[in-house]
Amino acid sequence: MAKWDSCGSSPAFKQPHWTQIPFTDQKQEFNRPPTRTVRSMSQSSTDSFASVHSDTSDDESSPRDKLQKSTKGPSDFCIKNISQADFGRKEIEMEDLRLKRAGGEKPLAGAKVVGCTHITAQTAVLIETLVALGAQCRWAACNIFSTQNAVAAALVKAGISVFAWRGESEDEFWWCIDHCVGTETWQPNMILDDGGDLTDWIYKKYPELFKNLKGVVEESITGVYRLYQLSKAGRLSVPAMNVNDSVTKQKFDNLYFCKESVLEGLKRTTDIMFGGKQVVVCGYGEVGKGCCAALKALGAIVYVTEVDPICALQACMDGFRVIKLSEIVRHIDMVITCTGNKNVVMREHLDKMKNGCIVCNMGHSSSEIDLVKTHVVTYKPRLNWDEILFQMVVIIAGRLLNLSCSTVPSFVLSITAATQAMALIELYNAPEGRYNKDVYLLPKKMDEYVASLHLPIFDAHLTELSDDQAKYMGISKHGPFKPNYYRQVNFSLSRRQTLTHILTFNVSNPFCFLL
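Cut-offs applied
Each residue is numbered by its place in its chain's sequence as written, counting from 1. Predicted model: local features are reported for residues with pLDDT of at least 70 only, side-chain atom pairs are reported and counted for 80 or more only, and whole-chain, interface and lining totals are derived from all residues. With hydrogens and water stripped out, all remaining heavy atoms of the structure feed into the side-chain values. Only rings of Phe, Tyr and Trp enter the pairing, Trp through its six-membered ring, and a pair is recorded when the two centres are within 6.5 Å. The plane angle decides the type: under 30 degrees is stacked, over 60 is edge-to-face, the rest tilted. Under the DSSP-based scheme used, a helix requires at least four consecutive residues in state H or I and a strand at least two consecutive residues in state E, with every element numbered from the N terminus. Each residue's exposure class comes from its accessible area (1.4 Å probe, protein chains only) as a fraction of the maximum for that residue type: buried when under 20%, exposed when over 50%, partly exposed otherwise. Structural elements are reduced to axes, namely lines fitted to C-alpha atoms, with helices fitted over the stretch in contact, and the angle between N-to-C directions of any two is expressed from 0 to 180 degrees. Each crossing gets its handedness from the near helix: less than a right angle anticlockwise from the far helix is left-handed, clockwise is right-handed. Two residues qualify as a contact provided that any one of their heavy atoms is within 4.5 Å of a heavy atom in the partner residue. For this classification, Asp, Glu, Lys and Arg are treated as charged, while Ala, Val, Leu, Ile, Met, Phe, Trp, Tyr, Cys and Pro are nonpolar and the rest, including Gly, are polar. UniProt positions are given in the numbering used here, feature names are shortened, and annotations may be inferred rather than shown by experiment. Basic side-chain nitrogens of Lys or Arg form a salt bridge, by our definition, when they fall within 4 Å of a carboxyl oxygen of Asp or Glu. Whenever a nitrogen or oxygen atom comes within 3.5 Å of another N or O atom, the pair is scored as a polar contact, on the condition that within protein one atom can donate a hydrogen and the other can accept it, and that pairs from neighbouring residues in sequence are kept only if both atoms are in side chains. To define a nonpolar core, start from buried Ala, Val, Leu, Ile, Met, Phe, Trp, Tyr and Cys residues and group those joined through side-chain atoms within 4.5 Å.

## Focus on the packing of aromatic side chains
Step number 1: What the rule picks out here adds up to eight aromatic pairs.
Step number 2: Taking 5.6 Å as the distance between ring centres and 45 degrees as the angle between the ring planes, the aromatic pair formed by F252 and Y256 counts as tilted. Separated by four residues within a single helix, F252 and Y256 lie in helix α8 (residues 247-270), roughly one turn from each other.
Step number 3: Residue class for F252 comes out partly exposed when judged on its relative accessible area of 28%.
Step number 4: Their ring planes at 90 degrees and their centres at 5.3 Å tell us that F411 and F458 sit as a pair that is edge-to-face. Of this pair, F411 sits in helix α15 (residues 410-429) while F458 sits in the loop between α16 (444-454) and α17 (467-473), and the two are 47 residues apart along the sequence.
Step number 5: Overall, the relative accessible area of 29% leaves F411 in the partly exposed class.
Step number 6: Take F458: its relative accessible area is 54%, and that puts it in the exposed class.

Shown next, in the form of C-alpha cells:
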C-alpha cells in the first residue's frame, strides 16, 4: 500500500490526505510498492484548505512527547503548537456564529463540562459561550483529522484545557480523551459528546465519575445508539439528552450542511467532475438525502442502498434507484457511506471496484469502510507492480469527509450549538427527579425556539395565528405548532418510545441565546 500527500510539501498536511490501495484479482499478490505520479490538488484548493487547517510547525514528533507551557491559560493541556494562538483567535473572531446569553445570570455556574467534539473555530465559540455562562471546560477531539491546531491553541491561551491536534493516531486519540478526563484535581459533572467515545471511555475506565454527573448531551447518531443500548440494558446511570434527533439538528446540520459540504470536500480532495459519474450513496437518512440531492443537481447518476423500507421508498419517490451495493459495484465511480453503521463497504466490494473508484465516508464513524481487512496484503515473488489491473482511492482513511477536508458553515453550526447549549442548561438546572436514568428527546417547543432565533438572518416574518385559528387547530397561537411525536424527519418514534421521553421546555426560561 502506498500513501502520498496530495499537496506535496504544503505544511497544512501532516497526515496523508489520500490512501492509495492497489487491488487485482484476489488470487494475485505483490512484492514491492508501486510508483506513480499523482496529480496534486489545485493551488486554490490547497490555499483554501490550508487557511482552515493551518500548521506552520515542521516538528513531526507527537505533542504528547513534549513539555508544553503557556504564559497564559492552564498548564494542563496538549496541543500541536501554542504559538499559533493569535492566528486561531482571529479565526474564531471571524466566525459568524454568535451565541450570547440574555441577562446577567450564569446558568452554568459550577458546571464542569468535559467535551469531545470537533475542534474548529465554530465549536470554539460554543466552548467559550459555555465558559461565559459559568462553566469550566476541558475538551478533546472526536475526530483525528478535523482539529484546527490554531484554534486549539487559542482556546488554551483563553484558559481552557484542550487535548487535541490534527493527525492524531488511534493511540493518541484515546490518550487525549484519557488525559482530558483522568485528573484527580478536576472531575466533570456534565458531558457533551459527539460520537459516544468519551461517554464510553468514562463508563469503561472511570465509572465512579457517574456518581457526580448530572447528565450527558449527545449529538451524533452513533453516540445516540450507544446511549439507547445502555438504557435498554439498564446500564445508563444518568439522564441523557438526544440532540441528534431534534428537528433543528436533523434538518439543518445533517441535511442542508451535508448537501453543500459533500461536494466541497470531494472537489478539494479530488477535483472530480460529477456530471455523468455513477455514484452509490449508502443510506438515505438526512445525510444521505443531502448528498443525493447535491450529486443529482450536478448531473451524477445516483443509486441508493438502504435497509429501511420507508427510507428506500422515499428514495424511489425522489427519483433514485434503490439497489444492493454488490449489484453495481463493478460499474460505479464513487461510493459515499452515510449510515453510522459498520462494515457497510467490505473488502469483497473493494476488490470488485473499477480503476480510480473513490470511496469516502459522510457518517460519523470510520468503521463504515472495512479498512482493517483492506490493509492486509500478501506479496508474491516474480509479479511486477506494472501488472496491477487497477487502483482505488479511499479519502482521509475513511474518516468524516466534510469536516476533515472542507470548511464548515458557521450558520448551520449556530443552530446545532444553540441546541446543545440549551440542552446542557436544562439538564444541569433540572431539579432532582425531573429526569430519570433514560434518554430524552428535545421537545418541539425547543426546536421551534432555536429556529426562531435564526430567522432574523433572512429577514423572515412569521405569520401569526388568530385566536380563532388557534382554537380551531387546538393549539396555542405561540406554539408548539406540531405535537411532540411529529418530528419532520425520518424518525420512527415507535421504535424508541419505550426508551425515550419527551422533555418539557419553558420558553420563558431566562437562559436564552441570541444570534
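## Looking at the packing of α8 against helix α9 (residues 286-297)
Step number 1: For the pair α8 and α9, interaxial distance at closest approach is 7 Å and the crossing angle is 35 degrees. For the element pair α8 and α9, the recorded crossing hand is right-handed. Packed against α8, whose contacting residues are Q250, K251, N254, L255, C258, K259, V262 and L263, the element α9 presents E286, V287, K289, G290, C291, A293, A294 and L295 at the interface.
Step number 2: In terms of residue class, the contact of α8 with α9 is built from nine nonpolar, three polar and four charged.

## Details of the UniProt feature "binding site: NAD(+)" (unreviewed entry) in the chain
Step number 1: UniProt feature "binding site: NAD(+)" (unreviewed entry): in the numbering of this structure it lies at G285, E286, V287, G288, K289, G290, E306 and N402.
Step number 2: Relative to the helices and strands, E286 is located in helix α9.
Step number 3: Among the secondary structure elements, G290 is positioned in helix α9.
Step number 4: Residue G290 is classed as buried on the basis of its relative accessible area, which comes to 0%.
Step number 5: The residues touching G290, leaving out its near neighbours within four places in the chain, are L255 and K259.

## Description of the environment of V359
Step number 1: For V359, the position within the fold is in strand β14 (residues 358-361).
Step number 2: Remark: the alpha-carbon pair of V359 and V335, spanning 24 residues in sequence, is separated by 4.9 Å.

## Describing the pattern of salt bridges
Step number 1: One pass over the full model with this rule turns up 12 salt bridges.
Step number 2: Between R138 and D76 there is a salt bridge; the shortest N-O distance is 2.8 Å. Residue R138 is found in strand β5 (residues 136-141), and its partner D76 is found in the loop between α1 (43-52) and α2 (85-94); the two are separated by 62 residues along the sequence.
Step number 3: Residue classification places D76 among the partly exposed residues on the basis of a relative accessible area of 32%.
Step number 4: Residue D333 pairs with K354 through a salt bridge whose shortest N-O separation is 2.8 Å. Of the two residues, D333 is situated in the loop between α11 (325-328) and β13 (334-337) and K354 in the loop between α12 (347-352) and β14; the sequence distance between them amounts to 21 residues.

## Thoughts on the side chain of E172
Step number 1: With respect to the helices, strands and loops of the structure, E172 is situated in helix α5 (residues 170-181).
Step number 2: Only 2.6 Å separates the side chain of E172 from the side chain of S62, close enough to count as a polar contact.
Step number 3: Apart from the residues within four sequence positions on either side, E172 is in contact with S62, R64, W165 and G167.

## Observations regarding the nonpolar core
Step number 1: If you look at the biggest cluster of nonpolar residues, it comprises 51 residues, and the most contacted ones within it are I119, L130, W139 and V162.
Step number 2: Broken down by secondary-structure element, the contributors of at least two residues to this core are α2, α3 (121-132), β5, α4 (149-157), β7 (190-193), α15 and α16.
Step number 3: When residues in this core are grouped by element, the largest group, 10 residues, is from α15.

## Describing the side chain of D370
Step number 1: Topologically, D370 is positioned in the loop between β14 and α13 (371-374).
Step number 2: For D370, the residues in contact, after removing those within four places along its chain, are N343, V345, M346, R347 and L350.

## Details of the environment of G288
Step number 1: Along the chain, G288 falls in helix α9.
Step number 2: G288 sits in the buried class, given a relative accessible area of 0%.
Step number 3: When the C-alpha atoms of G288 and T339 are compared, they prove to be 8.0 Å apart, with 51 residues separating the residues in sequence.
Step number 4: With sequence-adjacent residues up to four places away left out, G288 is seen in contact with V281, G283 and C338.

## Thoughts on the environment of N242
Step number 1: Inspection of the secondary structure puts N242 in strand β9 (residues 240-242).
Step number 2: The exposure class assigned to N242 is buried, which follows from its relative accessible area of 0%.
Step number 3: Taking the C-alpha atoms as reference points, N242 and Y225, separated by 17 residues in sequence, lie 9.7 Å from one another.
Step number 4: Polar side-chain contacts of N242 include one of 3.1 Å to the backbone nitrogen of N244.

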